[in-house]
Amino acid sequence: MMEKLGLVRNRTRITWLFAVGLALVIAVSQPYWERHPVLEEGLFFFACLLAGIGALGRAWCGVFISGRKDATLVRKGPYAMCRNPLYFFSMLGAVGVGMATETLSIPAVVLLMYAIYYPIVIRSEEKYLAERFGEDFDTYCHEVPCFFPRFSLLRGNEPGDYPVCTRTLRHNLFDTLWFVWLVGLIELLSALQDVGWLPVWWTLY
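Residues numbered from 1 in each chain as written. Predicted model: local features only at pLDDT ≥ 70, side-chain atom pairs only at ≥ 80, totals over all residues. Heavy atoms only, no water.

Asks: I would appreciate a short explanation of helix α9 (residues 178–194) in the present structure.
Replies: For an α-helix, 3.6 residues make a turn, and residues three or four places apart therefore share a direction. Counted at 1.5 Å a residue, the expected span for α9 with its 17 residues is 24 Å, and the 24 Å between its end C-alpha atoms agrees. The complete set of buried residues in α9 reads F179, V183, I186, L189 and Q193. What you see down the axis of α9 is that its buried residues fit within an arc of 115 degrees, all on one side. On its buried face, α9 is in contact with α2 (11–27), β1 (29–31), α3 (37–65), α5 (85–99) and α8 (166–176). Of the residues one or two after α9, G196 is the one with positive phi, at around 85 degrees. (Helix = DSSP H or I, 4+ residues; strand = E, 2+ residues; numbered from the N terminus. Expected span 1.5 Å × (residues − 1). Buried < 20%, exposed > 50% of the residue type's maximum accessible area, 1.4 Å probe, protein only. Arc of directions from axis to C-beta. Contact = heavy atoms within 4.5 Å.)

Okay, structure coming up:
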């Protein structure tokens, strides 16, 4: 495999450092919108909706790439709609987790991080795929959008039977649960603030 940029090679570590830093900010903050119950609950509803879509989408992607990553050019299922569906659904899930804070600023920060960082990751990975799969990947790029899905392309590209590596799939399915757990963690932090076990240093919009 080609040598990757440090930012790309350490993608998981950087993502977790970002998440921990954001969690520390959330732990000592309160949402401004809690004084507007309809908006507050609306934000939490969309948090659950997006986190759920993100988790299910990542699980769906996992079915199609389990045991095949870097070994073959996958173009079925979600990979028929766009070339990076795993990152697309991860973005939806992460923004959903951000909305669980019942603020607008945290999901905006999450979205900004994705807009700045993940294009670098995608360019690096697609350079590798172009070197590995050559003309087949060029055709794929010409026919399928990079990030935002074109749902019409799914028609005829979702097989009824599809062999998977169950061990890799199990690992991927557990990964998808992080969106659900993080929403629960944010609710726990809010409860700890309500009983005075965590300080509130500032308000987030």
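The discussion continues.
Asks: For this particular structure, what's the right way to read the packing of α3 against α9?
Replies: In helix packing, the relevant descriptors are the interaxial angle and the interaxial distance, both defined with respect to the helix axes. Running from amino to carboxyl end, α3 crosses α9 at an angle of 155 degrees, the nearest separation of the two axes being 9 Å. Classified by the interaxial angle, the pair formed by α3 and α9 is roughly antiparallel. Each of F44, A51, G54, A55 and R58 in α3 lies in contact with α9, whose residues at this interface are F179, V183 and E187. Grouping the constituent residues of the contact of α3 with α9 by class yields five nonpolar, one polar and two charged. (Axes fitted to C-alpha atoms, helices over the stretch in contact; angles between N-to-C directions. Parallel < 35°, antiparallel > 145°, perpendicular 65-115°, else oblique. Nonpolar A, V, L, I, M, F, W, Y, C, P; charged D, E, K, R; others polar.)

Asks: Quick question: what am I supposed to make of the packing of aromatic side chains here?
Replies: We describe a pair of aromatic rings using the distance from one ring centre to the other and the angle between the two ring planes. Considering all chains together, one arrives at 17 aromatic pairs under this definition. When the centroid spacing of 4.5 Å and the interplanar angle of 15 degrees are considered together, the rings of Y114 and Y118 count as stacked. Here Y114 and its partner Y118 are both found in helix α6 (residues 105–133), four residues apart, which amounts to about one turn of the helix. One aromatic cluster in this structure is built from W60, F88, F89, F147 and F148. (Phe/Tyr/Trp six-rings, centres within 6.5 Å; stacked < 30°, edge-to-face > 60°.)

Asks: Looking at this structure, I do not really get the pattern of salt bridges. What am I missing?
Replies: Side chains that differ in sign of charge can pair as their charged atoms come close. Evaluated as defined, the whole model comprises two salt bridges. Residues E126 and R83 are paired through a salt bridge, measuring 2.8 Å at the closest nitrogen-oxygen approach. Residue E126 is found in helix α6, and its partner R83 is found in the loop between α4 (78–81) and α5; the two are separated by 43 residues along the sequence. A residue is classified by how much of its surface remains accessible, and R83, at 14% relative accessible area, is buried. (Salt bridge = Lys/Arg side-chain N within 4 Å of Asp/Glu carboxyl O.)

Asks: Would you take a moment to explain unusual backbone geometry for this structure?
Replies: Working note: non-glycine residues mostly have negative phi, and peptide bonds are mostly trans. Positive phi outside glycine occurs at E102, with the angle close to 60 degrees. On the basis of relative accessibility, which here comes to 10%, the residue E102 falls in the buried class.

Asks: It is not clear to me how a nonpolar patch on the surface should be interpreted in this structure. Could you clarify?
Replies: Taken together, the side chains of W16, V20, L24, F174, L177, W178, V180 and W181 make up a nonpolar region of the molecular surface, amounting to roughly 800 Å² of accessible area. Counting residues per element, the ones that place at least two in the nonpolar patch are α2 and α9. Within the secondary structure layout, L177 lies in the loop between α8 and α9. (Patch = residues over 30% accessible without salt bridge, like charges linked within 9 Å, V, L, I, M, F, W, Y side chains within 5 Å. Areas by Shrake-Rupley, 256 points an atom, 1.4 Å probe, with all protein chains shown as cover.)

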